[in-house]
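Overview (structure and organization)
Given next are the chains, with one letter for each unit.
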Amino acid sequence: MSALERPLEAVQHPENWAPDSWRAYPAMQQPHYPDPIALKAARSELASLPPLVTSFEILALKKQLAEAQEGKRFLLQGGDCAESFSDCESGLISNRLKVLLQMSVVLVYGLRMPVVRVGRFAGQYAKPRSADTEVKDGIELPSYRGDIVNSPEFTETARRPDPQRLIAAHSRSAMTMNFVRSLIDGGFADLHHPEYWDLGWVGHSPLAEEYHRMVRAIGDGVRFMETLSGEAVHNVRRVDFYTSHEALLLDYEEALTRQVPRHWGWFNLSTHYPWIGMRTAALDGAHAEHMRGIRNPIAVKVGPGVKSDDLLRLVDHLNPENEAGRLTLIHRMGAGKIAVELPKHLEAVRREGKRVLWVADPMHGNTESTSNGFKTRRFDNIRSELDQSFDLHAAAGTRLGGVHLELTGENVTECLGGARELTEGDLERAYRSTVDPRLNYEQSLEIALLIVRKRGVQSLPA
Ligand code: PEP
Ligand code: CO
C-alpha cells in the first residue's frame with residue numbers, strides 16, 4: 001500500500017513520541033526566555049500560521065536522497081552560516097541562489113548525474129554557542145543565539161531572548177522561500193539563459209572563464225537536442241530547490257511539526273531537510289527525540305571524538321527501519337583529523353549495512369582565528385578535507401554523496417586563499433559574517449570545479 005493510501009489511524013508512528021515529547025529530555029542550546037507567558041503566546045501563534053513547505057515536497061526530496069545514497073545523484077547543500085533578518089533582501093537571496101545554480105551546473109556537467117540542490121536558508125536563524133553568556137568589560141549578558149532568539153549588539157535589551165522573533169523568523173523564511181520559488185518558476189534557473197546567474201563583481205576571473213566555457217558546452221548540447229527532436233527541452237527550464245536548517249530551537253520546530261491530510265505520521269513543515277548540529281547530537285537528548293518522530297529526511301553532523309558504537313546507536317535510534325533516504329551523516333572533522341577520525345565510522349556503518357547518505361562538511365572542522373582577530377578558514381584546508389573525504393570513502397568502499405558548504409554570492413573576504421589568494425590583510429576589507437566565515441563566489445565555484453576534477457567522468461571543455 002502506498003503512503004498516500006494508508007489511513008492515518010492505522011499508522012504506527014514511533015512509540016511514545018509526540019511533537020512535544022522532546023520536553024522530557026535534556027535540551028541543549030536553548031535560550032532562557034524571561035517571559036514564559038509571552039513565549040506561550042508566540043508558540044501558539046506560530047502553530048496557527050501556515051507551514052513553509054509541504055509533505056509532498058519533503059517526500060520527493062527523500063526519494064532523491066535515497067538515489068544519492070545509491071550513487072545516482074550528488075547533493076549540493078549550501079548557504080550562510082546564519083541568516084540574519086536584515087539579510088532577507090532580494091539581492092542577497094538571488095546572488096546566493098546564483099552561486100548555488102552555477103555550482104550545480106558544474107557538478108551536473110562534470111559528474112554526469114543530477115544534483116540535489118538544498119539551500120541552507122529560509123530558516124537558518126538559530127546558532128549553537130560555546131557558552132550561555134558573554135562577558136565584556138565586567139558585564140555579563142546572554143550570548144547571541146541567532147536572530148530567531150536575540151540580537152547581536154552587546155546591550156541588555158538586544159540580548160534578551162524575545163519570543164516575537166519566532167514569528168519574525170517564520171515570516172522571513174516565508175519571504176525568502178517565496179522569492180526563491182518565484183525566481184525559479186519564472187525561469188531564473190533556465191539553462192537557456194545561464195547569463196542570468198552571472199554576478200556583477202566577478203569580472204575577468206580565470207575561473208569565470210572556465211565556467212563560461214562549460215556553460216557554452218551545455219548550451220550547445222541543449223540546442224543540439226532541440227534541433228534533433230524538433231522541440232524545446234522543457235525540463236531544463238526549471239530545477240528543484242529544497243531548504244534546510246539546523247533544527248536547534250525546539251520551540252520553533254515543534255510549532256511547525258504537524259500532521260497532514262494526505263500522508264501518515266508527522267512532518268516538520270518548517271523545512272524540507274532539518275539537521276542536528278554536532279553540539280546537540282546526544283542520543284538521549286531532546287534534539288534526537290524531536291527528529292526521531294518526524295518523517296522528513298534528516299541529517300546529523302558528526303565531529304571528531306565520536307565513538308563508532310555511539311554513532312551506530314544514534315543511526316538506529318533515528319532510522320530504526322533502515323529506510324532509504326531518511327538519514328544523512330555529515331562529517332566535519334577538520335583537514336588534520338579526518339584521516340584518523342573518519343575511516344572507523346565508514347567501516348562500522350558499512351559493516352552493519354546501515355543505509356546512510358555520507359556528506360562532507362569541509363568547513364566546520366577548519367575554523368581558526370588570525371592574529372588580527374578574525375575567525376577564518378583556509379581554502380587549502382577546506383580543499384584538503386574534501387579531497388581526503390573522497391579518498392577515504394574510496395578506500396573504505398563507501399561513497400561520498402554530497403557536500404555541505406557555507407557560502408555567499410557576495411564579494412566577501414572571510415576565508416583565506418582560493419583563486420585570488422586572499423591573505424590575512426584582505427579579511428578586513430569585506431568581512432561581513434557575524435558567525436562563521438563563508439566561501440565567496442569564486443571560492444565556491446572553485447570547490448565545484450575541484451569536485452569535478454576529483455570525481456568527474458567528463459573532462460572540462462578546453
Ligand atoms: C553549522 O553548521 O553552522 C554548525 C554550527 O555546525 P556544527 O554543528 O557541525 O559545528
Ligand atoms: Co557555521
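Details of the structure are given in the entry above.
Below is a summary of the structure that appears in this document. (Residues numbered from 1 in each chain as written. Chains lettered and ligands numbered in written order. Predicted model: local features only at pLDDT ≥ 70, side-chain atom pairs only at ≥ 80, totals over all residues. Heavy atoms only, no water.)

Brief notes about the pairing of strand E11 (residues 357-360)
Residues in a regular strand project their side chains so that they alternate between the two faces of the sheet. Formally: Whether a residue is buried, partly exposed or exposed follows from its accessible area with a 1.4 Å probe, protein chains only, as a fraction of its type maximum: under 20%, in between, or over 50%, in that order. Here a strand is any run of E in DSSP of at least two residues, a helix any run of H or I of at least four, and the numbering for each starts at the N terminus. Only when DSSP finds a minimum of two bridges between them are two strands counted as paired. We call a crossover right-handed when, viewed with the strands running away from us, the connection from the first strand over the helix to the second turns clockwise.
Neither face of E11 is open: one carries Leu 357 and Val 359, the other Trp 358 and Ala 360, and all of them are buried. Looking at chain direction, strand E10 (residues 327-331) and E11 are connected through four bridges and run parallel. Bridge assignment links Leu 329 to a residue of E11, and that residue is Trp 358. Following the chain from E10 across helix H10 (residues 338-351) to the adjacent parallel E11, one finds a crossover that is right-handed. In terms of strand pairing, E11 meets strand E14 (residues 400-406) through three bridges, oriented parallel. Bridging across to E14, Ala 360 finds its partner in Val 403.

So, the site of ligand 1
We count it as follows: Nearness of a residue to a molecule or strand requires only that one of the residue's heavy atoms be within 4 Å of it. Any pair of N or O atoms that falls within 3.5 Å is considered a polar contact. Within protein, one atom must be able to donate a hydrogen and the other to accept it, and sequence-neighbouring residues count only if both atoms are side-chain atoms. Here the accessible surface of atoms and residues is derived via Shrake-Rupley with a 1.4 Å probe, and residues count as covered only by protein chains that are part of the display. By the convention adopted, Pro, Cys, Tyr, Trp, Phe, Met, Ile, Leu, Val and Ala count as nonpolar, Lys, Arg, Asp and Glu as charged, and the other residues, Gly among them, as polar.
Taken together, Cys 81, Arg 120, Lys 127, Pro 128, Trp 275, Gly 277, Met 278, Arg 279, Lys 301, Arg 332, His 364 and Glu 406 form the complete shell of residues around ligand 1. Within the backbone of Met 278, a nitrogen or oxygen atom sits 2.8 Å from an oxygen atom of ligand 1. A distance of 2.8 Å separates an oxygen atom of ligand 1 from a polar side-chain atom of Arg 279. Protein contact buries 98% of the 300 Å² of open area that ligand 1 shows by itself. Tallied by class, residues from the shell around ligand 1 come to four nonpolar, two polar and six charged.

Remarks on the sheet that holds E11
Counted only if it meets this: Contacts are residue-level and defined by heavy atoms, with any inter-residue pair within 4.5 Å sufficient. An axis is simply a line fitted to the C-alpha atoms; with a helix, the fit covers only the stretch in contact. Between two such axes, the angle follows the N-to-C directions and lies from 0 to 180 degrees.
One open sheet holds the eight strands; their spatial order is E5-E2-E1-E14-E11-E10-E9-E8, and the pairing between them is parallel. A strand with exactly one partner marks an edge of an open sheet, and here the two such strands are strand E5 (242-243) and strand E8 (275-276). Sheet analysis places strand E1 (residues 74-79) next to strand E2 (residues 115-119), joined by five bridges and oriented parallel. Its bridge partner lying in E2, Leu 76 is registered against Arg 117. Packed on one face of the sheet, helix H3 (residues 90-111) meets E1, E2 and E14 and runs near 160 degrees to E1.

Things to note about the packing of aromatic side chains
Aromatic ring pairs are reported here in terms of the distance separating the ring centres and the angle at which the planes meet. Definition in use: In summary, the pairing rule links any two rings of Phe, Tyr or Trp, Trp by its six-membered ring, whose centres are within 6.5 Å, and it sorts them by plane angle into stacked for under 30 degrees, edge-to-face for over 60 and tilted for everything else.
Applying the stated criterion to the full structure yields four aromatic pairs. The interplanar angle of 40 degrees and the centroid separation of 5.0 Å between the aromatic rings of Phe 374 and Tyr 431 together place this pair among those described as tilted. With Phe 374 in the loop between strand E12 (367-369) and strand E13 (375-377) and Tyr 431 in the loop between helix H12 (424-427) and helix H13 (441-455), this residue pair connects regions lying 57 residues apart in the sequence. Each member of the pair Phe 374 and Tyr 431 is classed as buried.

What to know about helix H1 (residues 36-48)
What counts, and what does not: A helix's residues, less one, multiplied by 1.5 Å, set its expected span. To obtain the arc, one takes the directions from the helix axis to the C-beta atoms.
A rise of 1.5 Å per residue sets the reference length of H1, with its 13 residues, at 18 Å; its end C-alpha atoms lie 19 Å apart and thus fit the reference within 8%. Taken together, the buried positions of H1 are occupied by Leu 39, Ala 42 and Leu 46. The buried residues of H1 all sit within an arc of 65 degrees when viewed along its axis, so they share a single face. The outward face of H1, more than 90 degrees from its buried face, is lined by the exposed residues Ile 37, Lys 40 and Ser 48. In this fold, the buried residues of H1 make contact with helix H5 (164-185), helix H7 (250-255) and strand E6 (257-258). Capping the start of H1, Asp 35 holds a side-chain oxygen 3.2 Å from the backbone nitrogen of Ile 37, two or three residues further along.

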